Every structure is written in C-alpha cells, then in structure tokens.
Amino acid sequence: MISDNISKKFISEAEKIYVTQPLLPELKDVFSEIADIWQSKWITNMGVKHNELEIVLKNILKVPYGSLFNNGTIALLTAVKAMDFHSGGEIITTPFTFAATPHCISWNGLKPVFCDIEPDTLTIDADKIEDYITPNTVAILGVHVYGFPCNVEKIDRIAKKYNLKVIYDGAHAFSTEINGKGIGTYGDITMFSFHATKLFNTLEGGYLSYNSPELVKKIYNLRNFGIQNEELVEDIGINGKMNEIQAAIGLLNLKLYKKEQEKRKKVKALYDENLFGIKGIRIPKMPDNTTNSYQYYPIIIENDYPLTRNEIYDNFKKMNIYTRKYFYPACHDYECYKNDLSVKLANLKVVNDIKHKVLCLPYYGDLETENIIKICKVLKNAR
Ligand SMILES: *Cc1c(COP(=O)(O)O)cnc(C)c1O
C-alpha cells in the first residue's frame, strides 16, 4: 500500500513541469568526489576543491579577482560590508529583483532607495538614477535581471560624477559577456549566485568578482569572521565559507553548464519561433553586444492580449505547468519597505506596470519539445 502511494506521488510529480530543473552531475561522479573529500578529512575552510574552483571561475567569468561564498546572499551582504559605507547611507537600487538584493542593503544598516526600471531590459533605469541622488547616497546597486545587462557604461559615468560605488547583483548572469568582457568586471563588485535554481550551481553557493587588489584580503577576512590569524581579529566578519562538497559539485557542473546552455539555446529558439507574432506577447531581447546566460525565459503579457498574466498563470497551473511571476510583488511592495518615505515619493511607473505583466516560462535543457509546443499552443489559442 505504502509503496503504491509513493509511486503514485512519484508519477504525479514527474508529470509536473516546473520553471526550472537543477543541473545535476552524474551520481557516480559525485560519489567519487565525496570519497576524495572523506579521505582527505578536509571538509570546509578553503580546502583543495574550494581553491581549485575559485581559480577556475576567474577564467570562466573573465574577472581579475574572485572569492567563493556559501551562498549568493552572504556574498552580496559581504560585498556591501566591504565598501565601509557610513551607516544610514542610501543605495539606489531596483525594486524588480529577488528579496535578497534590498535585504543585503538593509542588513548592513543602509537604506535601499528604489529607482524605476527600463521597459526593454527591465534593469534599473540609468536615466532616472540622478533623480534619486542625495548627499546621503553612497552607491548604486544594479541587478542584471534575467541576465539582461544593466546600462553599465552610463551607471559608471554617474558613479564617477558623484563619487559613488557600484555593486552588481549578477545572480542571473553567469558567463555573460558584454563586448567580449566578463560582466563581473563592471562596477566595484559583482555577485554571482550558484543556488540550485541558477544555471550553474553548487547546490547553494555564491561568488564575488572585483577589480581592486585591495579587496582580496578584505573580502577574505570578512568571509571568515574577520579573523586575520590565530590571534588577530580585524574586521566584523561573517561565516561565508563554501564547503568542499559544494565546491566538488561546482567542479563537476563546470563540465556540464555549456552543454546545458546549448540545450537551452535550442529551447529558446523553439519558444521564439512559436511565440513570434502572437499579438500582446512581447519577448524581451538581449542586446546584440551581450551573450545570453540562458537563465530565464521571460515574456511580457501586454494589455492587448485577451487574458491577464494572472489568468495565464492560473490556466497553466491547472495543467500542472508551473510558471513563475518573477518578480511579483516587486520589492517596494513588501511589508518591510512599502511604508518607507522614499517608496511613497518614488515614481515607479514602469515597474508597477511590468510586475503585473511578466511571466517566466518553464526553461531548462531537458524540457521536451512536445511540452514546449504545448505551452506555446496555450498562449496562441487564448484568443
Ligand atoms: C538567487 C538570487 C539571489 C540570491 O542568491 P542565493 O544564492 O540564493 O542566496 C540574489 N539576487 C537575485 C536576483 C537572485 O535571483
């Protein structure tokens, strides 16, 4: 009886289509890596696999310096901390992102100030950033949302003009290049997330890339409680260390992520082909000079489509297809931010429109062609 129930549950799970599937190495390869680790008895604290992964990633991401973390949020928290901002400083950021982005600002005793987004790339609107600058502004924190790059050149110019730091949340932008340059080379620090749902994962994990050699020691210390050596604690650090099993999974997944991107490229082409020309459906486009990370497949349901985004979401759900309303609610709608004076005064017209229209379709390399066609038919036949 029990096994019957389990197999029923298993079958119904298998029929569900989620927004993503984690990239997983072969189990036998994982076992062999774990056997190595068991034998070494070095489980965490900058072990062999950790150090290898940290170095290899610099080449893959084309960045001069980089540090691994146990997750992307702790990495971003540390990035903000490493800048030594005065308390109460304001950081101009986008509300169209995951909760971790503004929370990392607030946890550092700083204030997120939400700026509107561009309708095309859905990233922070660089043309509006200057409207939000006050004497308290210390930095700009942009998010390369869905892997679409922020307007990095313009943000750089504004930062120089007002002497601000620039931090990027590149959680969705693994391996993205702008004009052949690693996206992690823009700004002062960029965070990458290696969470299971991200294109390249270490189960949970994160990474900071940066250009300044002065940050190497600073970030190394902050990641390890601020401990310099056995008798010297210099900084108010945290435990941000990645363990050896995470690093081993990372090394294995590094051999697989390009193939996964190739497969997702084909999934994207099939979606593009079948959704092209449907009135009321807009597919945001990657700029020509930028490579795609293939992290998400977002569509925008415009007003002239016969159904609302929520109706489409519900229809898919009834069919066991789980799309995601990334990012609804937007961060300025959260209970913890919505009463901020800066939110009440902010003009967030574009994001307040887009958040009701965006939908991320199921997107992973092994998504079957027949399911892609099925999803597209649902969208096509709504009228
Ligand atoms: C996933 C994600 C994070 C957080 O990364 P974790 O590794 O899950 O802590 C931060 N920002 C964005 C935009 C994300 O999508």
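Residues numbered from 1 in each chain as written. Predicted model: local features only at pLDDT ≥ 70, side-chain atom pairs only at ≥ 80, totals over all residues. Heavy atoms only, no water.

Student: Would you mind showing me how to read the overall build of the chain here?
Tutor: Helices and strands together make up the secondary structure of the chain, namely 14 helices and 14 strands. Here the chain has a C-alpha radius of gyration of 22 Å; the compact-globule value for 383 residues is 21 Å, and the two agree. For the C-alpha atoms alone, the extent of the chain along its principal axes is close to 65 × 55 × 45 Å. For the chain, long-range pairs separated by at least 24 residues make up 71% of all intrachain contacts whose partners lie at least 6 apart in sequence. For the chain, the accessible area works out to roughly 18,300 Å², and carbon and sulfur atoms hold 54% of it. Side chains of the chain carry 47 positive and 46 negative charges; the gap between the two charge centres is 4 Å. (Helix = DSSP H or I, 4+ residues; strand = E, 2+ residues; numbered from the N terminus. Rg over C-alpha atoms; globule rule 2.2 N^0.38 Å. Contact = heavy atoms within 4.5 Å. Areas by Shrake-Rupley, 256 points an atom, 1.4 Å probe, with all protein chains shown as cover. Lys, Arg positive; Asp, Glu negative; His and termini not counted. Charge placed at Lys NZ, Arg CZ, Asp CG, Glu CD.)

Student: Would you mind showing me how to read the site of the ligand here?
Tutor: Around the ligand there are 15 residues in total, and T73, D169, H172, S193 and K198 lie nearest to it. A distance of 2.6 Å separates an oxygen atom of the ligand from a polar atom in the side chain of T73. In this structure, H172 approaches the ligand through a side-chain N or O atom, which is 2.7 Å from an oxygen atom. Considered on its own, the ligand offers 380 Å² of accessible surface; in the complex 93% of this is hidden by protein. Looking at the shell around the ligand, the elements with two or more residues in it are helix 4 (72–82), helix 5 (100–106) and strand 8 (189–193). Classifying every residue of the shell around the ligand gives four nonpolar, nine polar and two charged. (Near = heavy atom within 4 Å. Polar contact = N/O pair within 3.5 Å; in protein donor to acceptor, adjacent residues only side chain to side chain. Nonpolar A, V, L, I, M, F, W, Y, C, P; charged D, E, K, R; others polar.)

Student: Looking at this model, I keep getting lost on the packing of helix 4 against helix 8 (residues 214–223). Mind explaining?
Tutor: How two helices sit against one another is set out by the angle between their axes and by the gap between those axes. It is at 10 Å that the axes of helix 4 and helix 8 come closest, and there the two elements cross at 125°. Compared by their axis directions, helix 4 and helix 8 come out oblique. In this structure, helix 4 crosses over helix 8, and the sense of that crossing is right-handed. Of the residues in helix 8, those touching helix 4 at T78, K81 and A82 are L215, K218, I219 and L222. (Axes fitted to C-alpha atoms, helices over the stretch in contact; angles between N-to-C directions. Parallel < 35°, antiparallel > 145°, perpendicular 65-115°, else oblique. Left-handed = near helix turned anticlockwise from the far one by under 90°.)

Student: Sorry, what's going on with a nonpolar patch on the surface here?
Tutor: Where nonpolar side chains cluster on the molecular surface, the patch consists of F225, I227 and V233 and spans about 250 Å² of accessible area. Counting through the fold element by element, F225 comes out in the loop between helix 8 and strand 10 (227–229). Judged by relative accessible area, F225 falls into the partly exposed class, the value being 37%. (Patch = residues over 30% accessible without salt bridge, like charges linked within 9 Å, V, L, I, M, F, W, Y side chains within 5 Å. Salt bridge = Lys/Arg side-chain N within 4 Å of Asp/Glu carboxyl O. Buried < 20%, exposed > 50% of the residue type's maximum accessible area, 1.4 Å probe, protein only.)

Student: I tried to follow the environment of E33 on my own but got confused; where do I start?
Tutor: Relative to the helices and strands, E33 resides in helix 2 (residues 27–40). Look at E33 and you get buried, because its relative accessible area is 16%. Along the backbone, E33 and A248 are 215 residues apart, and their C-alpha atoms lie at a distance of 6.3 Å. Setting aside residues up to four positions removed in sequence, E33 forms contacts with K49, A248 and L252.

Student: Just to check I follow, could you spell out the environment of R157 for this structure?
Tutor: Mapped onto the secondary structure, R157 falls in helix 7 (residues 152–162). For R157, a relative accessible area of 56% translates into the label exposed. Sequence separation between R157 and A126 is 31 residues, and the spatial gap between their C-alpha atoms is 10.0 Å.

Taken by themselves, the reported measurements are silent on function.
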